[in-house]
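Here is what each chain is made of, one letter per residue.
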Amino acid sequence: MDIKILGPGCPKCDQTLKIVTQAVAETGVNAQIQKVTGVMEIAGYGVFGTPAVVIDSKVKCVGKIPKKEDVKSWLTK
């Protein structure tokens, strides 16, 4: 599973990375987590609000910090 956290490195982006990392650890899913900070690369996903979470090329969350329970449900589907 390929997970990308999109954002310039703001506190909300850092919190999102922390929540996603915890959810991956708690579910035991085999995933690569990457932080994407480049504005052009972020825009390439059609995302214009950050933080955003992309799982296997599908945008799951934009412009808010996701709840850990939501992230876990995305990981197990």
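Analysis parameters
- Residues numbered from 1 in each chain as written.
- Predicted model: local features only at pLDDT ≥ 70, side-chain atom pairs only at ≥ 80, totals over all residues.
- Heavy atoms only, no water.
- Pairing = 2+ DSSP bridges.
- Helix = DSSP H or I, 4+ residues; strand = E, 2+ residues; numbered from the N terminus.
- Axes fitted to C-alpha atoms, helices over the stretch in contact; angles between N-to-C directions.
- Buried < 20%, exposed > 50% of the residue type's maximum accessible area, 1.4 Å probe, protein only.
- Salt bridge = Lys/Arg side-chain N within 4 Å of Asp/Glu carboxyl O.
- Right-handed = clockwise from strand over helix to strand, strands pointing away.
- Expected span 1.5 Å × (residues − 1).
- Arc of directions from axis to C-beta.
- Contact = heavy atoms within 4.5 Å.

Caption draft 1: Just the sheet that holds strand β1 (residues 2-6), in detail. Pairing is mixed in the open sheet, where four strands are placed in the order β2-β1-β3-β4. Single-partner strands in this sheet number two, and they are β2 (32-36) and β4 (58-62). Neighbouring strand axes in the sheet, compared pairwise and without regard to direction, differ in orientation by 20° on average. Sheet analysis places β1 next to β2, joined by five bridges and oriented parallel.

Caption draft 2: Quick look at the pairing of strand β3 (residues 52-55). Across the two faces of β3 the burial is the same, with A52 and V54 and V53 and I55 all buried. Where β3 hands over to β4, the hairpin turn is made up of two residues, of which D56 adopts a positive phi near 45°.

Caption draft 3: Fine view of the pattern of salt bridges. Inspection of the entire model under this criterion finds four salt bridges. The partner of D14 in a salt bridge is K35, and the shortest N-O contact between them spans 2.6 Å. With a gap of 21 residues between them, D14 in helix α1 (residues 11-27) and K35 in strand β2 connect regions that are remote in the sequence. On the basis of relative accessible area, D14 is assigned to the partly exposed category, the value being 36%. Note that E26 and K68 form a salt bridge whose closest N and O atoms lie 2.9 Å from each other.

Caption draft 4: Spotlight on the pairing of β1. Counting buried residues in β1 gives four out of five residues, a clear majority hidden from the surface. With respect to chirality, the unit in which β1 leads through α1 into the neighbouring parallel β2 is right-handed. Bridge count for β1 against β3 is four bridges, and the pairing is antiparallel. Opposite I5, over in β3, you have V53 as the bridge partner.

Caption draft 5: Seen up close, α1. Relative to the 24 Å expected for 17 residues at 1.5 Å per residue, α1 spans 24 Å between its end C-alpha atoms, a close match to the ideal helical length. For α1, the full list of buried residues reads C13, T16, I19, V20, A23 and V24. All buried residues of α1 fall inside an arc of 135° around its axis, so they share one side. Facing away from the buried side of α1 by over 90 degrees, the exposed positions are P11 and A25. Looking at the buried positions of α1, the neighbouring elements they touch are β1, β2, β3 and α3 (68-75).

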